[in-house]
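Examination of the molecular architecture
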Amino acid sequence: MENTDLTTPSAPPATIVVAGATGDLGFRIAQELRKRGAIVRALVRPGNTKPAIASLREQGVGILEVDFNDVAALTYACAGAACVVSALSGLREVIIDAQTHLLDAAVAAGVPRFIPSDFSIDFTKLPEGSNRNLDLRREFGHRLDQAPIRATSILNGMFMDLLTGQAPVVLFKIRRVLYWGSADQPLDFTTIANTAAFTAAAALDATTPRYLRIAGETATIRDLQAAANAATGQRFGRLRAGGLWLLRLLIRVTRRLMPAPNDVFPPWQGMQYLHNMFTGLPKFASLDNNRYPEINWTSVREVLAARQ
């Protein structure tokens, strides 16, 4: 009897390689990929003993110890992958050197797509020299654009989570919102969790463009003030520290007094990031939030309320 079963067999799950999976963002990306049914290989440096490794293994993530200076070993680790996602964090030896080795390995292994560790404001609109860390990402981006592989950078503004303390903007102790320049400049924010979910979806999407821009919320300083009021039930005021020219001067002074050239995030680096945002130059002209409608975007108010 003729077989009339016309059902199409489901495609096998995609294999995604994640570098930097023991960091906060990379760990969440790996988790989100597993939720979506992907086979995940996490590349970790030899001797890495972070607790995240055991947790990833429990969630079904394959752990591969690999020397990021060994392109042959990286090529073997990338074999058969549909996409390589980098969530590496560091300075030149990581963002340029290690990512270049990872890129070369992905190309050698025939991986069709690469997502670099950008995850920031839109550095393509910033003048060179205005932000050390973003200059490195721009430099790597030039190398990536010359490689025979399809690339997608995910830009998410500032991590919204930093507003709960690490970024000196919402000052809970004195109930003020600190800013430089204009209180009406729109700023882009996205939680680490939302960024990870979007990145996982993008890694499994073979049709992504060169850049994807997302923001869980676009808010001015006045909006942040209102969100802090609503989240805490207390009245927050605004504190204008000065114009952008003064912030630029303070960056120079701080960098000279406390250069910390080997620190990834010295105080002056955070100041550079805020200066970039308050200029309005890296503000996203349009957003790709709707590309994956299953993602529920977290607001600033929700993040500030969770701190209580």
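Notes on the structure follow. (Residues numbered from 1 in each chain as written. Predicted model: local features only at pLDDT ≥ 70, side-chain atom pairs only at ≥ 80, totals over all residues. Heavy atoms only, no water.)

1. Details of the layout of surface pockets
Our working definition: Here a cavity is any set of points on a 1 Å grid over the protein atoms alone where a 1.4 Å probe fits but cannot get out, and a pocket is any open set with protein on both sides within 12 Å along at least 5 of 7 lines; a residue lines the site when it has an atom within 4 Å of a point. Grid points are joined across faces, edges and corners, and a volume is the space filled by probe spheres set on the points. Only runs of H or I of at least four residues qualify as helices and only runs of E of at least two qualify as strands under DSSP, and these elements are numbered from the N terminus. Charged means Asp, Glu, Lys or Arg here, nonpolar means Ala, Val, Leu, Ile, Met, Phe, Trp, Tyr, Cys or Pro, and polar covers whatever is left, Gly included.
Space inside the largest pocket adds up to approximately 1,200 Å³. Along its surface, the largest pocket is lined by 46 residues, and Ser89, Arg137, Phe159, Val264 and Phe265 are the ones closest to its centre. Breaking the lining of the largest pocket down by element, the ones donating at least two residues are helix H1 (24-35), strand S2 (39-44), helix H5 (132-146), strand S8 (158-159), strand S10 (176-180) and helix H9 (267-279). It is H9 that provides the largest number of residues to the lining of the largest pocket, a total of six residues. Split by residue class, the lining of the largest pocket holds 26 nonpolar, 15 polar and five charged. Volume-wise, the second largest pocket comes out at about 220 Å³. Sorting the residues of the lining of the second largest pocket by element identifies helix H8 (244-257) and H9 as the ones contributing at least two each. Looking at the lining of the second largest pocket, its residues break down into four nonpolar, six polar and three charged.

2. Focus: the pattern of salt bridges
The test is simple: A pairing counts as a salt bridge when a side-chain nitrogen of Lys or Arg comes within 4 Å of a carboxyl oxygen of Asp or Glu. Exposure classes here rest on a 1.4 Å probe applied to the protein chains alone. A residue is buried below 20% of its type maximum, exposed above 50%, and partly exposed in between.
Inspection of the entire model under this criterion finds 12 salt bridges. Between Glu139 and Arg92 there is a salt bridge, with the nearest N and O atoms lying 2.7 Å from each other. A residue pair is termed long-range when its members are at least 10 positions apart, and Glu139 in helix H5 and Arg92 in helix H4 (residues 92-108) qualify at 47 residues. A relative accessible area of 26% means that Glu139 is categorised as partly exposed. In the salt-bridge network here, residues are joined through shared partners; they are Glu32, Lys35, Arg36 and Glu294.

3. A look at the state of the cysteines
Under the convention used in this document: Disulfides are defined as pairs of cysteine sulfur atoms found within 2.5 Å of each other.
Within the structure shown, the criterion is met by zero disulfides. Of the cysteine sulfurs around Cys78, a residue in no disulfide, the closest is that of Cys83, at 10 Å. Taking relative accessible area as the criterion, Cys83 reaches 0% and is therefore assigned buried.

4. Some details on the packing of H5 against H9
Each packed pair of helices is defined by two parameters, the angle between the axes and the distance between the axes. Note the following rule: To obtain an axis, a line is fitted to C-alpha atoms, over the contacting stretch when the element is a helix, and the angle between two such axes runs from 0 to 180 degrees between their N-to-C directions. Roughly parallel refers to an angle under 35 degrees, roughly antiparallel to one over 145, roughly perpendicular to one between 65 and 115, and oblique to any angle outside these ranges. Here a residue-residue contact requires only that any non-hydrogen atoms of the pair lie within 4.5 Å.
Look at H5 against H9: their axes get within 8 Å of each other, and the N-to-C directions meet at 75 degrees. On the basis of their axis angle, the class for H5 and H9 is roughly perpendicular. Residues Arg132, Asn133 and Leu134 of H5 lie in contact with H9, whose contacting residues are Trp268, Gln269, Gln272, Tyr273 and Asn276. In the contact of H5 with H9, the residues fall into three nonpolar, four polar and one charged.

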